[in-house]
Amino acid sequence: MPEPREWQKIALAKWLGNGMKGVISVATGGGKTFFAFLAHKELSADTILLVVVPTEALQDQWIVNITEEFVVTESEVGILTSQSRDKDLKKWNVIVINSARKLDISNSLKSKI
C-alpha cells in the first residue's frame, strides 16, 4: 500500500478522534477510496464494510478495488440490491444509493454496533 497523502493522515486522525464518525469530501481522484481502505484497516476484523455509491459504474469499481486490496474473490463481496436481506451481507458489501434507501439489513448491522 502506498504512503498516505498528508490530508489522508490528518483526516484519519480526526476520524479516529471523533469515534470513527465523519464525512470526507474530496474531489474526484483525490484519494477517497484509499482513505476508506485506511479507515477500514483501523476497524476490528469482524467489522462489516458497507460502501454506498451513487452509480452502478462506481459499484463495479469498488468491487474491483476491494478484491484487489483485500485479496478476496468477487464471490466474497456482497453486491447488494434493494432486495438484499441480512443473510446476503458479507464482510465486504457495495450498494448503489437508490437501492440502499430501501435496504433492510438493520438486524445484522445492529448486532455489529
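Please refer to the structure higher up on the page.
From a predicted model like this one, the values you see are computed outputs, not experimental measurements.

Caption draft 1: The packing of aromatic side chains, seen in detail. Under the definition given, this model contains four aromatic pairs. With 5.8 Å between their ring centres and 25 degrees between their planes, tryptophan 7 and phenylalanine 35 make a pair best called stacked. With a gap of 28 residues between them, tryptophan 7 in helix α1 (residues 6–17) and phenylalanine 35 in helix α2 (residues 32–41) connect regions that are remote in the sequence. Aromatic pair phenylalanine 37 and tryptophan 62: ring centres 5.7 Å apart, planes at 65 degrees, arrangement edge-to-face. Linking phenylalanine 37 in helix α2 with tryptophan 62 in helix α3 (residues 56–69), this pair joins segments that are 25 residues apart in sequence. What makes phenylalanine 37 buried here is its relative accessible area of 5%. When its relative accessible area of 10% is taken as the criterion, tryptophan 62 is described as buried.

Caption draft 2: Representation of α3 in the model. Along its 14 residues, α3 runs 20 Å from first to last C-alpha, staying within 8% of the 20 Å computed at 1.5 Å per residue. Among all positions in α3, only Gln59, Trp62, Ile63, Ile66 and Thr67 are buried. The buried side chains of α3 occupy one side of the element, clustering within an arc of 130 degrees when seen end-on. Exposed and oriented more than 90 degrees from the buried face of α3 are Ala57 and Glu68. Close packing links the buried residues of α3 with α2, β1 (49–53), β2 (77–79) and β3 (92–96). The first or second residue beyond α3 is valine 71, which carries a positive phi of 50 degrees.

Caption draft 3: Summary view of the pattern of salt bridges. The full count for this structure, using the stated rule, is three salt bridges. As a salt-bridge pair, lysine 41 and glutamate 69 come within 3.4 Å of each other at their nearest N and O atoms. Taken as a pair, lysine 41 in helix α2 and glutamate 69 in helix α3 lie far apart in primary sequence, 28 residues in all. Judged by relative accessible area, which is 46%, lysine 41 ranks as partly exposed. Residues aspartate 88 and lysine 87 are paired through a salt bridge, measuring 3.3 Å at the closest nitrogen-oxygen approach.

Caption draft 4: Main features of the side chain of serine 82. Note on placement: serine 82 falls in the loop between β2 and β3. Of the residues examined, serine 82 reaches a relative accessible area of 17% and is grouped as buried. Other than its neighbours up to four places away in sequence, serine 82 contacts Ser99, Lys102 and Leu103.

Caption draft 5: Representation of the layout of surface pockets within the structure. Approximately 1200 Å³ is the volume found for the largest pocket. Lining the largest pocket are 34 residues, with Ala36, Leu49, Leu50, Val51 and Val52 sitting closest to its centre. Counting only elements with at least two residues in the lining of the largest pocket, the list comes to α2, β1, α3 and α5 (106–112). Of the residues forming the lining of the largest pocket, the biggest block, six residues, is contributed by α2. Looking at the lining of the largest pocket residue by residue, the class counts come to 19 nonpolar, eleven polar and four charged.

Criteria and thresholds
- For every chain, the first residue of the written sequence is number 1, and numbering continues from 1 along that sequence.
- Whole-chain, interface and lining totals are the exception, using all residues; otherwise, since this is a predicted model, local features are given only for residues with pLDDT of at least 70 and side-chain atom pairs are given and counted only at 80 or more.
- Note that the side-chain values use all heavy atoms of the structure and ignore hydrogens as well as water.
- Only Phe, Tyr and Trp rings take part, Trp by its six-membered ring, and two of them pair if their centres are within 6.5 Å. Stacked means planes under 30 degrees apart, edge-to-face means over 60, and tilted covers everything else.
- Here a strand is any run of E in DSSP of at least two residues, a helix any run of H or I of at least four, and the numbering for each starts at the N terminus.
- We call a residue buried when its accessible area falls under 20% of the maximum for its residue type, exposed when it is over 50%, and partly exposed in between, using a 1.4 Å probe and counting protein chains only.
- Expected helix span is given by 1.5 Å per residue-to-residue step, counting one fewer step than there are residues.
- As used here, the arc is the angular range of directions from the helix axis to the C-beta atoms.
- Any two residues whose heavy atoms approach within 4.5 Å at even a single point are treated as in contact.
- A pairing counts as a salt bridge when a side-chain nitrogen of Lys or Arg comes within 4 Å of a carboxyl oxygen of Asp or Glu.
- In the cavity and pocket records, a cavity denotes points on a 1 Å grid over the protein atoms alone where a 1.4 Å probe fits but cannot get out, a pocket denotes an open set with protein on both sides within 12 Å along at least 5 of 7 lines, and lining residues are residues with an atom within 4 Å of a point.
- Grid points are joined across faces, edges and corners, and a volume is the space filled by probe spheres set on the points.
- Each residue gets one label: Ala, Val, Leu, Ile, Met, Phe, Trp, Tyr, Cys and Pro are nonpolar, Asp, Glu, Lys and Arg are charged, and the others, such as Gly, are polar.

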